[in-house]
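Below, each chain spelled out in residue letters.
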Amino acid sequence: MAAKTDALFYLTKEAFKRRLIDDLWRARAATSPKSLAQVLLTDVVVDAVRKEIRRQTNHNADAGEIHRILRGEVLRPETLL
């Protein structure tokens, strides 16, 4: 209930003057499922996952294979549009 009440602050005159709704919008867009999915599928993250898999299991997985599995089996299809 408190979170909903706090969210109403963004509709106040003071918040509009300070353009706080814009900051909230940018934050929500940056952490949306689609944005996070795009980050998870970057070469840097896939390579970090590959290295961590190798460290934990001693299996040297292919980056392309990891990308394919993330895209096809781990992430929801609607986040990839």
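Here the structure is shown first, and the text comes after it.
Residues numbered from 1 in each chain as written. Predicted model: local features only at pLDDT ≥ 70, side-chain atom pairs only at ≥ 80, totals over all residues. Heavy atoms only, no water.

Things to note about the packing of aromatic side chains
All told, the structure shown has 1 aromatic pair when counted by the stated rule. Between the aromatic rings of Phe9 and Tyr10, the centroid separation amounts to 6.0 Å while the plane-to-plane angle is 65°, which identifies the pairing as edge-to-face. (Phe/Tyr/Trp six-rings, centres within 6.5 Å; stacked < 30°, edge-to-face > 60°.)

Concerning helix α5 (residues 43–57)
The end-to-end C-alpha separation of α5 is 21 Å, in line with the 21 Å expected for 15 residues at 1.5 Å each. Positive phi appears at Asn58, one or two residues downstream of α5, with a value of about 70°. (Helix = DSSP H or I, 4+ residues; strand = E, 2+ residues; numbered from the N terminus. Expected span 1.5 Å × (residues − 1).)

A short note on the environment of Tyr10
Mapped onto the fold, Tyr10 is located in the loop between α1 (2–8) and α2 (13–17). Here Tyr10 falls in the partly exposed class, since its relative accessible area comes to 25%. The spacing of Tyr10 and Leu20 is 10 residues in sequence and 6.6 Å in space, taken between C-alpha atoms. Once residues lying within four places of it in the same chain are set aside, the contact partners of Tyr10 are Ala15, Phe16, Leu20, Ile21 and Leu24. (Buried < 20%, exposed > 50% of the residue type's maximum accessible area, 1.4 Å probe, protein only. Contact = heavy atoms within 4.5 Å.)

Some points on unusual backbone geometry
If you check the backbone angles, Arg19 has positive phi at about 55° while not being a glycine. Here Arg19 shows up in the loop between α2 and α3 (20–30). Even without a glycine there, the phi angle at Asn58 is positive, about 70°. Relative to the helices and strands, Asn58 resides in the loop between α5 and α6 (63–74).

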